[in-house]
Amino acid sequence: MSLLLNGFHLAESILRKNLITKVTAAKFMHFSFGESHEVVNLNEEENKVREPKTPITKDRSLVIPVETSIKYLKSDAYKRTYGNLPVWSLYIRNYKGHYLPKKTRKTCIRNNIITTGSPCPICRDEYLVIDPTNVDLLKQFISEFSGEILHFNKTGLCQKAHQKLLVAIMKAKDCGFLTYDVPMRIYDYDEWK
């Protein structure tokens, strides 16, 4: 009985594939750099042009300048997306099984394309650029109480983005963009006399 059902499912999938591929015939396709594709179908009576599709958001080949990222962090669009919370606070990673992995993934972007289903908080938003001058973004990854850099297991950053973040925070501290307090230690010099 199960062999018979499997045969019916196989035949149905073959028919579905054959029907779907024969339905659309294109007269011409127009490709241009800033615009999306326009396709005119022969099957339509009036040869209407389809509405342009939304641009692919998985492409990360466009380099966003740091100044644009700094303006984005102060914009209404950023406040609507994240509110007053840090960028990483609402992030939930998909993972296989019941237990959270010990380390985050190595990278989310390969060959300028997002290759994962749930990219890390920095990789998913192209306007979040890690740079020593982007202080508002860097402060979100530093603990308010101890001044330490938050661990990647808490923030959900991929290893590559976390390494960039560590370097940017160190450079920002060296250049004086980020201020930090050195703890005051009181020594008892009587022991050394």
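Just above, that's the structure.
So, here is what we can say about the structure in this document. Keep in mind that this is a model prediction, so the values were computed, not measured. (Residues numbered from 1 in each chain as written. Predicted model: local features only at pLDDT ≥ 70, side-chain atom pairs only at ≥ 80, totals over all residues. Heavy atoms only, no water.)

## Section: the nonpolar core
What counts, and what does not: Here the nonpolar core consists of buried residues drawn from Ala, Val, Leu, Ile, Met, Phe, Trp, Tyr and Cys, with membership extended through side-chain atoms lying within 4.5 Å. The cut-offs for exposure are 20% and 50% of the maximum accessible area for each residue type, with area from a 1.4 Å probe on protein chains only; residues under the lower value are buried, those over the upper are exposed, and the others partly exposed. Per the convention used, a helix needs a DSSP run of H or I reaching at least four residues, while a strand needs a run of E reaching at least two, with both numbered from the N terminus. For this analysis, residues touch if any pair of their heavy atoms sits within 4.5 Å.
With 26 residues, the main nonpolar core has Cys120, Ile122, Leu128, Leu137 and Leu138 as its most contacted residues. Of the residues forming this core, the biggest block, five residues, is contributed by helix H7 (residues 159-175). Those residues in contact with Leu128, other than ones at most four positions away along the chain, are Ser69, Tyr72, Leu73, Tyr78, Tyr82, Val87, Pro121, Ile122 and Leu137.

## Quick word on a nonpolar patch on the surface
Quick note on the threshold: Exposure above 30% relative accessible area and no salt bridge define the residues that can form patches, which grow by joining like charges within 9 Å and nonpolar side chains of Val, Leu, Ile, Met, Phe, Trp and Tyr within 5 Å. Only the protein chains shown count as cover for residues, and the accessible areas themselves come from Shrake-Rupley with a 1.4 Å probe. One side-chain nitrogen of Lys or Arg within 4 Å of one carboxyl oxygen of Asp or Glu is enough to make a salt bridge.
A cluster of nonpolar side chains, Tyr187, Tyr189 and Trp192, forms an exposed patch at the surface whose accessible area comes to about 490 Å². The topology assignment puts Trp192 in the segment after H7.

## Side note on the packing of aromatic side chains
Selection criterion: By convention, a stacked pair of Phe, Tyr or Trp rings (six-membered ring in the case of Trp) has centres within 6.5 Å and planes under 30 degrees apart, an edge-to-face pair has planes over 60 apart, and any other such pair is tilted.
A full pass over the atoms with the stated rule returns four aromatic pairs. When the centroid spacing of 5.5 Å and the interplanar angle of 40° are considered together, the rings of Tyr72 and Tyr127 count as tilted. Linking Tyr72 in helix H2 (residues 66-73) with Tyr127 in the loop between helix H4 (121-124) and helix H5 (135-139), this pair joins segments that are 55 residues apart in sequence. Given a relative accessible area of 14%, Tyr72 falls into the buried group. Tyr127 sits in the partly exposed class, given a relative accessible area of 33%. Every member of this aromatic cluster is reached through a ring pair, and the members are Tyr72, Tyr78, Tyr82 and Tyr127.

## Quick word on the side chain of Thr116
Structurally, Thr116 is set in the loop between strand E4 (113-114) and H4. When residues no more than four places from it in sequence are discounted, the contact partners of Thr116 are Lys58, Arg105, Thr107 and Cys108.

The quantities given are spatial measurements derived from coordinates; they are silent on function.
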